[in-house]
Amino acid sequence: MTPASEHTSTHCDRFVAAAQDGIARLLAGDGLDIVFQPVVLLARADVYGYEAFVRAHAPYTDPLALFAAARRSGCEPALEIVCARLAIRAFGRLRMPGK
């Protein structure tokens, strides 16, 4: 096997694993929701910023299970990037106070 075909084979294997786990659909951003939790400065009772959390539809309603499946599929970094991009877009649309 040549280095190029090894790379293609590995990539295909990861895609197949991701598809079997249902992660491929999520990597397209389908079935992921972003929710925000305020971070409050208690001394001033003021919203300082927000934490973004990802929520996925079944079968990955538990975020730990979602990222574990992505890790098994070799797609965890890609899922993290998708989630970060969705969070940035969602935050911009909501125009919430804070950072």
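Residues numbered from 1 in each chain as written. Predicted model: local features only at pLDDT ≥ 70, side-chain atom pairs only at ≥ 80, totals over all residues. Heavy atoms only, no water.

Caption draft 1: Spotlight on the pairing of strand β2 (residues 46-56). As judged from the 10 bridges shared by strand β1 (residues 32-41) and β2, these two strands associate in the antiparallel manner. Bridge pairing links Val40 to Val47 in β2. In this structure, the hairpin formed by β1 and β2 is closed by a connection of 4 residues, where Ala45 is found at a positive phi of approximately 50°. (Pairing = 2+ DSSP bridges. Helix = DSSP H or I, 4+ residues; strand = E, 2+ residues; numbered from the N terminus.)

Caption draft 2: Geometry of the pattern of salt bridges. All told, the structure shown has 2 salt bridges when counted by the stated rule. Ionic pairing is found between Arg44 and Asp46, a salt bridge with its closest N-O pair at 3.0 Å. Of the charged contacts in the structure, one is a salt bridge between Arg71 and Glu76, with a shortest N-O distance of 3.1 Å. Taking the relative accessible area as the measure of exposure, Glu76 reaches 18% and is therefore buried. (Salt bridge = Lys/Arg side-chain N within 4 Å of Asp/Glu carboxyl O. Buried < 20%, exposed > 50% of the residue type's maximum accessible area, 1.4 Å probe, protein only.)

Caption draft 3: Structural detail: the nonpolar core. Core analysis: the largest hydrophobic core is formed by 18 residues, its most contacted members being Ile23, Leu32, Val54, Tyr60, Leu66 and Leu79. Listing elements by their share of this core, those giving two or more residues are α2 (23-27), β1, β2, α3 (63-72) and α4 (76-94). The dominant element in this core, judged by the number of residues it contributes, is α4, at 6 residues. Ignoring anything within four residues of it in the chain, the contact list for Leu79 reads Leu27, Leu32, Leu66, Phe67 and Ala70. (Core = buried A, V, L, I, M, F, W, Y, C linked by side-chain atoms within 4.5 Å. Contact = heavy atoms within 4.5 Å.)

Caption draft 4: The environment of Pro97, seen in detail. Here Pro97 shows up in the segment after α4. Look at Pro97 and you get exposed, because its relative accessible area is 56%. Once residues lying within four places of it in the same chain are set aside, the contact partners of Pro97 are Val47 and Tyr50.

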